[in-house]
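Coordinates in review
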Amino acid sequence: MEVDEKEIIFTSGATESNNLALKGVFEMYSRKGNHIITVKTEHKAVLDTCDKIEKMGGEVTYLDVQPDGLIDLAELEAAIKPNTILVSVMWANNETGVIQRMAEIGRICEKHGILFFSDATQAVGKIPTHPRKLGVHLMSFTSHKMYGPKGVGALYVSRKSPRVKVTAQMDGGGHERGMRSGTLNVPGIVGFGKAAEIAKHQMFEDAARLSKLRDRLQQAFIDNLEEVYVNGNQEHRMPHVTNISFKHVEGEGLMMTFNQEIAVSSGSACTSASLEPSYVLVALGLGDDLAHSSIRFSLGRFTTEEDIDYTIEQISKGVNHMRHLSPIWEMYKEGVDLSNVEWSAH
Amino acid sequence: MAYSEKVIDHFTQPRNVGTLDKSSKNVGTGLVGAPECGDVMRLQIQVNEETGMIEDAKFKTFGCGSAIASSSLATEWLKGKSIDEALSIDNMDIVEELALPPVKIHCSVLAEDAIKAAIKDYQVKNGILEATLSEAHA
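Residues numbered from 1 in each chain as written. Chains lettered and ligands numbered in written order. Predicted model: local features only at pLDDT ≥ 70, side-chain atom pairs only at ≥ 80, totals over all residues.

**Describing the overall build of chain B**
Rule in force here: Here a strand is any run of E in DSSP of at least two residues, a helix any run of H or I of at least four, and the numbering for each starts at the N terminus. As a reference, a globule follows 2.2 Å times the number of residues to the power 0.38, and the radius of gyration itself is taken over C-alpha atoms. Three exposure classes are used, all based on how many other C-beta atoms lie within 10 Å of a residue's own C-beta (placed from the backbone): buried at 20 or more, exposed at 12 or fewer, and partly exposed between those limits. Any residue pair is listed as a contact if its two C-beta atoms, each placed from the backbone, are within 7 Å.
Secondary structure assignment for chain B yields 6 helices and 3 strands. Mapped in sequence order, the helices and strands of chain B form the string α-β-β-β-α-α-α-α-α. Its C-alpha atoms give chain B a radius of gyration of 14 Å, near enough to 14 Å, the size a compact globule of 138 residues would have. Viewed in the frame of its principal axes, chain B has a C-alpha envelope of about 45 × 30 × 30 Å. Per-residue burial over chain B gives 49% buried out of 138 residues. A separation of at least 24 residues holds for 62% of the contacts in chain B among residues at least 6 apart in sequence.

Here's what the structure looks like:
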């Protein structure tokens, strides 16, 4: 990261870091303005915090994303107003792996004299993240996303040009230069440090190996199955993630076919009572039907070639099983225009 | 989410998957749900014209494991029943049989709707009074 150790504030995790960055800047810079710009595809720890800030009297603009998941830089610049104090854009998305154009966003913020915060939870330890080089003034990240212990995270806060301050959200003994009180979780921090050290050495090797395996996985589905769609920009993307929609197959049902032997996540939150599909994929412009049919594959340092072959085999089998059972797949194969069918919404 | 053994059984070995000729006079087809909602069930019954009994039932479902299990179970229950008996199948019977958790109750409701829709289609096709069904619904 190439930052000074005094620029790191330890927290309980990225959720706390995001809260501290957003609310802390909002309170500290209230005399300068009350407007924050963020993006619809941010993590809930950012979106829900922004929601709270709105209730506290703040004004928040939620930018749309383009179909590939990237924000429109012109739209970002147009959203900046005299009372804008902060731009909050996540480094890499947790569902699609799409990496935002951080350097360009940093330049826009610098030009307008606005602070730039990034939730880099998905990126730190996996790809190079140099906040100072890219004009990022605050950056959240966490230990367990780089194979460290759970329950410890950090917030980078720039100390020079500009010197940024955040209002503490945890009051007490004034630890962490007054920005986060509370005795530090030393064992967690030591584990975090070790994980970061290993990540620094392994990052490039991991990325090269995993992106190759990821591409093989993705290509196998495209070759073996019909109606497979990769969601999000494939060039500006984390090396270990791919998000795929298998049309006319419901994601949660598909997950059940491989019997918990493969851990993936479904864009269909049918497990909750809400029946809402992924808001991230909907923001990319996917119809609810494709969003319900999506699976996020995330590879890790311990994923092997055999794992990938097994996954290709199991998931292909699962998709075929689900399509054999799917009335809409049958209708699609018969040439029925599904948009003309009168569905009974429930 | 932990699925019950019965859900897993119906999901991995679904009964009566398939398609009946929907243009046939003695076949009733019910299509309920919507792809946008993540659940679509198509349930079909074939009624023996002489006995008035349901002699075959088939389904296809787009949805989660509980939705597939609910419709698979429904086809099993429908076979050999009269229309009146079929109309008395209640979604809570399915919930109980499959031990569905509260968040999956909507799957059983959808299965009951599919049964009713298939019967209605059969009745409309055969000129049986629609009123019979409205009463059953109420």
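So much for the structure itself; the text now carries on.
**Describing the overall build of chain A**
Counting its secondary structure elements, chain A contains 11 helices and 11 strands. Rg of the C-alpha trace for chain A: 21 Å, near the compact-globule value of 20 Å for 346 residues, within the 12% margin. Overall, chain A is about 65 × 45 × 35 Å in size when its C-alpha atoms are taken along their principal axes. Burial status across chain A gives 46% buried among its 346 residues.

**Looking at the interface of chain B and chain A**
Threshold: Note that Gly is not counted as nonpolar here; it falls among the polar residues with everything else outside the nonpolar set of Ala, Val, Leu, Ile, Met, Phe, Trp, Tyr, Cys and Pro and the charged set of Asp, Glu, Lys and Arg.
With 24 residues of chain B at the interface, the matching set in chain A holds 26 residues. Going through the elements one at a time, β1 (27-34), β2 (39-47), β3 (54-62) and α2 (65-78) of chain B are the ones with two or more residues in the side of chain B that touches chain A. With 4 residues, β1 of chain B is the largest single contributor of residues to the side of chain B that touches chain A. For the side of chain B that touches chain A, the per-class residue count stands at 15 nonpolar, 6 polar and 3 charged.

**Re the sheet that holds strand β8 (residues 228-230) of chain A**
Backbone hydrogen bonds hold the strands of a sheet together, and the pairing may be parallel or antiparallel. Residue and element names in this part refer to chain A. Going by this rule: DSSP bridges decide pairing: two strands pair if at least two such bridges lie between them.
An order of β8-β9-β11-β10 is seen for the 4 strands of this open sheet, with the pairing classed as antiparallel. Each having just a single partner strand, β8 and β10 (265-266) make up the two edges of the open sheet. Bridge count between β8 and strand β9 (residues 241-246): 3 bridges; the pairing is antiparallel. Bridging across to β9, Y229 finds its partner in S245.

**Digging into the sheet that holds β2 of chain B**
Residues and elements named next belong to chain B. For the record, the criterion: Here an angle of 0 to 180 degrees is reported between the N-to-C directions of two axes, which are lines fitted to C-alpha atoms, with helices fitted over the stretch in contact.
The 3 strands are arranged β1-β2-β3 in an open sheet whose pairing can be described as antiparallel. Each of the sheet's edge strands pairs with one partner strand only, and the pair in question is β1 and β3. The average undirected angle you get between the axes of adjacent strands in this sheet is 10 degrees. Two elements, β2 and β3, share 8 bridges in a ladder whose sense is antiparallel. Bridged to Q44 within β3 is K58.

**Examining the confidence of the model for chain A**
Atomic detail in the predicted coordinates should be set aside for any region of low pLDDT. The criterion, for reference: Confidence scores here are pLDDT values: one per residue, from the predictor, ranging 0 to 100.
The predicted model of chain A averages 94 in pLDDT, with 97% of residues at 70 or higher. Predicted confidence for residues 269-274 of chain A stays below pLDDT 50, and this span has 13 contacts to residues more than four positions away or in other chains.

**Structural notes on the environment of P101 of chain B**
Residues and elements named next belong to chain B. The residue P101 is located in the loop between α4 (91-98) and α5 (105-125) in this model. Residue classification places P101 among the partly exposed residues on the basis of 15 C-beta atoms within 10 Å. Counting along the chain gives 97 residues from P101 to S4, while the straight-line C-alpha distance between them is 9.3 Å.

**Description of the domain arrangement of chain A**
All names here are of chain A. The condition is simple: An automatic or database domain assignment provides the domain bounds reported here.
Segmenting chain A into domains produces domain 1 (5-184) and domain 2 (204-340). Between domain 1 and domain 2, the residue contacts involve 19 residues of the former and 20 residues of the latter. Here the residues of the side of domain 1 that touches domain 2 sort into 8 nonpolar, 6 polar and 5 charged.

**A closer look at unusual backbone geometry**
In the segment running from S161 of chain A into P162 of chain A, the intervening peptide bond is cis, with an omega of -5 degrees. Considering the arrangement of structural elements, one finds P162 of chain A in the loop between β7 (153-157) and α6 (186-224). With a phi close to 35 degrees, S161 of chain A is a non-glycine residue in the positive phi region. Owing to 7 C-beta atoms within 10 Å, S161 of chain A belongs among the exposed residues under this scheme. In this structure, A99 of chain B is a non-glycine residue whose phi angle is positive, near 55 degrees.

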